[in-house]
Amino acid sequence: MSVQESAEVQASSNALSVGSGQEVKDGADLRDLESRSKGAFVLIFSPKMLLIGGALLVIGYLALTPLLYLLNGTFFGPDGLTLNAFRRAFSSTSFGSLTYNTLLYSMGATAVSTVVGTALAYLVVRTDLPFKKLVVATAIVPVIIPGILYTIAWIFLASGRIGILNTVFQPIFPGGLFEAYSMLGMIFIQGMDNSPLIFLLLYAGFKSMDPSLEESARMSGAGLLMIARRITLPLVKPSLYAAILIMLVRNISSFETPALLGMPEGILVYTSRIWRVLNRQPVDYAQAGAYSFVLLVITAVGVYLYSRLQKKSRSFQTVSGKGFRPTPMSLGKWRTPIAISVMAYFVISVVLPVLVLMYMSTQTYYAVPSRSSLARASLNNYVLIWNNPTIQRAWQNSLMLAAGTATLTILLTAVAAWFVIKSQVRGRSAIDTVAFLPLVIPGLVLGVGLIFVYLRFPLPVYGTLWILLIAYITNALPYGMRYAGSAIQQIGNELEESASMCGASWAQIFRRILVPLMAPGLLAGWIYIVIISVRELSSSILLYSAGTEVLAVLIWDMFDGGRLPELAALGMVMIVLMTTVALLAQKLGANIGIQEGK
Amino acid sequence: MERPIFSSPSLRIFIVAALLLSACGASTTASSDTTSSQSQGTTSDPASSDGAAESGFRATALIRYDEIGRELEGLSLEARRERLIELAKKEGGSVNFYGSTNENDSIPLVKAFKDATGIDVIQYRAGTAQVGQRLLQEAAANFPGADVVIVSGSDAVILEDAGVLAPFRSPVLEQIAEPAITEYWIGAYFTATVPVWNTDLVGLDFNPGTWEDVLRYSGAKAYAAIDAPWLASMVNDYFVGELGLTEEEALQIFREGAENASIVRGSTVRINMIAAGQYDLAVSVNQHGVAGLLKRASDAPVTWEPAPEPVFLNNTAIMLMGNATNPAAAMLWADFVLSDGQFVLAERGRTPTNVTIEGGFPFDKYRTALQNPRFYFEDAAKWDDLWEEITSRGTVVAR
């Protein structure tokens with residue numbers, strides 16, 4: 001029997017045993033229901049059902065409100081149902097080229113992020129790559145840097161005219177090596193910016209993987225590539241597909257890169273069109289809604305394909321009752337070249353942009369670095385942002401909101417994801433779909449919808465941090481579901497079942513078995529949500545009020561006001577502080593999650 | 001097994017959602033129409049504006065404005081300020097201000113006001129269109145958010161037409177340049193639109209020539225992503241009005257110029273990109289943005305002089321909200337911005353509308369013309385479409 005065959009047999013026997021476990025559980029549920037059918041009241045009002053029901057209600061409310069608002073605004077005119085908005089939307093702009101540009105850009109960037117992020121996560125978690133700690137510490141930096149700044153840093157690195165890299169490489173490539181202002185530039189820069197998100201998603205996936213399969217393959221003589229292709233990737237498929245889907249949708253709805261790099265050269269995507277429409281007078285919300293609806297349809301197609309893929313591929317529960325201590329695989333002779341490539345990646349994606357920002361933060365205006373510009377360097381911008389009362393307040397608001405959003409979303413989605421994956425209730429997958437909806441609703445539309453609802457809401461939500469919290473949780477729901485879902489999926493039913501056999505209540509099982517086992521996944525999700533919440537711009541920009549300014553809005557404001565150097569200084573402070581937060585969280589998480597094998 | 005996301009139960013959810021939607025369509029549509037017709041800023045929807053006028057906060061505020069106005073009649077500017085401070089303190093000692101002036105300039109303005117009057121300014125700052133839209137949304141929900149507002153002329157027109165403003169009268173208006181005064185909004189400062197170029201790239205003695213030359217400049221240049229009001233004035237008042245071209249001929253100059261231009265959003269972003277050397281020249285930026293950069297960094301390789309004539313000026317206006325909860329404080333703030341506040345603005349490179357205060361744009365050196373926001377606004381869709389067509393160069397292609 002060849003290596004991969006033996007591994008596959010093992011994997012499928014694993015899947016088989018899961019299947020039979022499921023049947024046992026079904027039977028247990030049935031008996032459970034029968035025995036309690038007399039006390040249906042007790043069943044419905046049990047703490048478990050209340051908790052789950054509450055979580056589902058909240059998710060449904062948060063996700064459906066903006067969607068209904070969007071559909072209503074787009075399809076209903078003064079005279080009832082109408083498609084006029086679409087006529088207006090596509091009379092001036094070609095549907096084909098917008099869709100083509102949007103798909104090319106978002107798929108390209110997704111491919112870049114997926115390849116880079118997955119490779120990195122695998123190398124860090126599953127191999128003996130050197131300087132892993134450094135990689136983990138810096139991997140998330142690109143995503144901490146505000147998107148606008150990351151893109152600007154890349155303009156100054158790779159613009160055909162003033163890019164530092166082009167100047168440096170001019171003797172070798174006189175025609176210029178890079179051009180940031182192009183479709184390729186957009187794809188590369190957006191892909192680099194987002195690869196840490198894939199890294200985070202798959203980091204958890206690889207971490208909770210039972211390595212015995214890989215080990216047996218290796219013992220049977222399989223090479224590194226074969227193991228990755230035949231064993232490792234199939235095992236993390238659920239996480240990987242989810243990550244790709246999230247990334248695709250994120251890229252479809254991203255605005256900064258298309259606005260800064262595409263628009264100058266006439267490369268328009270849907271989001272740049274929406275921005276333009278929202279800047280016209282009078283604002284045609286219905287037309288913006290029509291574009292959003294097309295995005296929604298594109299995304300729905302993506303989601304559908306994703307579910308087909310998911311169905312076709314077997315997924316495996318990899319956290320079983322067997323104890324495992326992940327031991328890293330040896331990269332062998334590849335260790336040095338791979339280590340060098342990883343380092344090169346870090347120089348390109350982290351070191352260079354951060355150096356440009358650092359340089360810019362010491363200047364009064366950006367000029368291509370020269371002896372005289374370096375001589376002008378000062379720390380004035382740091383003093384300016386330190387003394388700015390709005391920035392101080394924005395820090396507080398942003399951190400409070402981000403931590404609150406991440407904690408509440410993770411709690412909410414952990415319960416909901418358990419319900420979707422482990423319960424046997426009919427129609428449970430609808431919750432998954434509903435929780436996914438916010439991903440396809442552009443932030444601007446979410447903002448407009450929430451303003452409309454909460455200006456008329458009896459409780460004082462409008463104009464406070466609460467409205468931002470509602471927007472952020474809505475925005476984070478899909479990510480929470482993916483992280484919690486991937487984390488729960490990998491946990492074998494046998495663990496819950498044995499606990500249940502020993503007389504543990506559902507709450508006890510949830511707290512003592514599921515949560516600790518899910519911890520690495522949930523924690524990655526928490527960090528991720530903190531980061532995207534701090535970055536969230538498109539709905540915040542409509543929802544903040546006097547006193548509830550958040551960092552992302554100030555960053556946009558400083559950018560719009562041309563205060564790039566000050567902005568760079570703020571970006572530097574954010575990088576240092578947020579990296580520290582992420583590292584602390586990881587440290588803490590290591591203690592509550594599964595202990596790493598030593 | 002992962003549960004498929006898009007299985008049949010979820011389709012059912014969609015259908016239910018659609019049904020719900022059509023069921024509640026009637027009520028929500030009605031209210032969202034109010035928003036949209038208000039945001040269209042036409043007077044064709046009396047229900048929204050007049051309805052609001054009769055009710056709640058708005059009625060109270062308008063009566064209060066009248067009372068205060070009568071009480072202040074005949075007072076000198078100084079005495080008026082003292083009385084307004086007293087009244088503002090009785091209201092609660094603060095004013096809710098929504099404004100589009102950037103933070104660098106609004107923070108000193110707010111600080112000077114607080115030092116002079118002891119009244120707090122609670123400030124919401126955002127882009128001008130966004131401030132305008134927010135005010136309309138709040139008015140539609142009868143929510144009193146702002147007492148006093150600063151936005152650009154074209155947004156002021158929208159707010160005026162939506163009927164959410166209160167008229168402003170004050171002895172300070174005697175010092176304000178006449179074209180900056182309307183019944184509901186008063187120019188707080190002028191913004192001049194000029195080209196800017198990088199002197200390292202094109203040479204210190206570069207002269208851009210006429211507007212036609214600027215638009216057709218053959219080197220690397222940047223057009224604004226959104227500049228329809230300026231386009232309207234340039235075409236109508238200059239190319240057609242002064243040079244006698246047809247509208248089509250004028251537009252052709254813009255189109256040809258845009259063929260080799262990059263389209264860059266944000267005036268200050270364009271100025272920064274010119275300083276960085278990404279482009280030689282940007283055809284339209286705010287003059288005070290260039291002046292501000294040169295003030296912070298006198299060695300920055302940018303200049304806007306000599307500018308082609310005429311230089312078009314735009315009003316950025318201050319106005320009172322008809323549903324203010326602090327009307328006296330709002331009047332106090334408006335008085336201040338148009339008098340002592342003008343020094344602060346001039347110091348920051350802005351062009352005051354108060355003729356007794358010097359600074360900002362050098363009116364003695366250039367022939368200027370005031371943009372008429374109403375001219376643009378009455379045909380906004382046309383000018384927006386034209387600018388879009390010009391800057392998309394007729395093609396949207398991937399490269």
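Residues numbered from 1 in each chain as written. Chains lettered and ligands numbered in written order. Predicted model: local features only at pLDDT ≥ 70, side-chain atom pairs only at ≥ 80, totals over all residues. Heavy atoms only, no water.

**Student:** Run through the pattern of salt bridges, naming residues and quoting values.
**Tutor:** Applying the stated rule across the entire model yields 28 salt bridges over all chains. When the shortest N-O distance is used, the salt bridge between Lys-114 of chain B and Asp-120 of chain B registers 3.0 Å. Residues Lys-365 of chain B and Glu-305 of chain B are paired through a salt bridge, measuring 3.0 Å at the closest nitrogen-oxygen approach. Here the residue Lys-365 of chain B occupies a position in the loop between strand 11 (351-352) and strand 12 (368-370), and Glu-305 of chain B occupies one in the loop between strand 9 (302-303) and strand 10 (311-321), the gap between them amounting to 60 residues. Since its relative accessible area comes to 27%, Glu-305 of chain B is described here as partly exposed. Residues joined by salt bridges that share partners form a network here, namely Arg-563 and Glu-566 of chain A together with Glu-103 of chain B. (Salt bridge = Lys/Arg side-chain N within 4 Å of Asp/Glu carboxyl O. Helix = DSSP H or I, 4+ residues; strand = E, 2+ residues; numbered from the N terminus. Buried < 20%, exposed > 50% of the residue type's maximum accessible area, 1.4 Å probe, protein only.)

**Student:** An account of the pairing of strand 1 (residues 94-99) of chain B is needed here, citing residue identities and associated values.
**Tutor:** All names here are of chain B. Counting buried residues in strand 1 gives six out of six residues, a clear majority hidden from the surface. Across the two faces of strand 1 the burial is the same, with Ser-94, Asn-96 and Tyr-98 and Val-95, Phe-97 and Gly-99 all buried. In this fold, the crossover linking strand 1 to strand 2 (residues 120-125) by way of helix 5 (residues 103-117) has right-handed handedness. Bridging between strand 1 and strand 3 (residues 148-152) involves three bridges; their strand directions are parallel. Among the inter-strand pairings, Phe-97 is bridged to a residue of strand 3, identified as Val-148. (Right-handed = clockwise from strand over helix to strand, strands pointing away. Pairing = 2+ DSSP bridges.)

**Student:** Break down a nonpolar patch on the surface for me, with residues and values.
**Tutor:** All names here are of chain A. A surface patch of nonpolar side chains, amounting to about 460 Å² of accessible area, comprises Phe-188, Val-347, Ile-348, Val-351, Leu-355 and Met-358. For the nonpolar patch, the element with the highest residue contribution is helix 17 (residues 335-360), accounting for five residues. Mapping Leu-355 onto the fold places it in helix 17. (Patch = residues over 30% accessible without salt bridge, like charges linked within 9 Å, V, L, I, M, F, W, Y side chains within 5 Å. Areas by Shrake-Rupley, 256 points an atom, 1.4 Å probe, with all protein chains shown as cover.)

**Student:** Provide a residue-level description of the packing of helix 24 (residues 493-501) of chain A against helix 25 (residues 506-535) of chain A, including the pertinent values.
**Tutor:** All names here are of chain A. Following both chains from N to C, one finds helix 24 and helix 25 inclined at 160°, their axes separated by 10 Å at the closest point. Judged on the interaxial angle alone, helix 25 and helix 24 are roughly antiparallel. Considering how the two elements wind past one another, helix 24 and helix 25 form a crossing that is right-handed. For the pair formed by helix 24 and helix 25, the contact residues are Leu-495, Glu-496, Ala-499 and Ser-500 on the first element and Ile-509, Ile-513, Leu-514 and Leu-517 on the second. Of the residues belonging to the contact of helix 24 with helix 25, the class tally is six nonpolar, one polar and one charged. (Axes fitted to C-alpha atoms, helices over the stretch in contact; angles between N-to-C directions. Parallel < 35°, antiparallel > 145°, perpendicular 65-115°, else oblique. Left-handed = near helix turned anticlockwise from the far one by under 90°. Contact = heavy atoms within 4.5 Å. Nonpolar A, V, L, I, M, F, W, Y, C, P; charged D, E, K, R; others polar.)

**Student:** Talk me through the confidence of the model for chain B; I want residue IDs and the actual numbers.
**Tutor:** All names here are of chain B. Predicted confidence across chain B gives a mean pLDDT of 82, with 84% of residues reaching 70 or more. Note on residues 1-54: pLDDT is under 50 here. Beyond four places in sequence and across chains, it has 100 contacts. Across residues 394-399 the pLDDT falls below 50, and counting only partners more than four positions away or on other chains, this stretch makes 18 contacts in the model. Scored by ipTM, the complex comes to 0.75, with pTM at 0.79. (pLDDT = per-residue confidence, 0-100.)

**Student:** Outline unusual backbone geometry, supporting the account with residue identities and numerical values.
**Tutor:** In this structure, the amide linkage connecting Glu-305 of chain B to the following residue, Pro-306 of chain B, adopts the cis form with an omega of 0°. Even without being a glycine, Phe-131 of chain A presents a positive backbone phi close to 40°. Tracing the sequence through the fold places Phe-131 of chain A in the loop between helix 5 (95-126) and helix 6 (132-139). Unusually for a residue other than glycine, Asn-142 of chain B sits at a positive phi of about 55°. With respect to the helices and strands, Asn-142 of chain B occurs in the loop between helix 6 (128-140) and strand 3.

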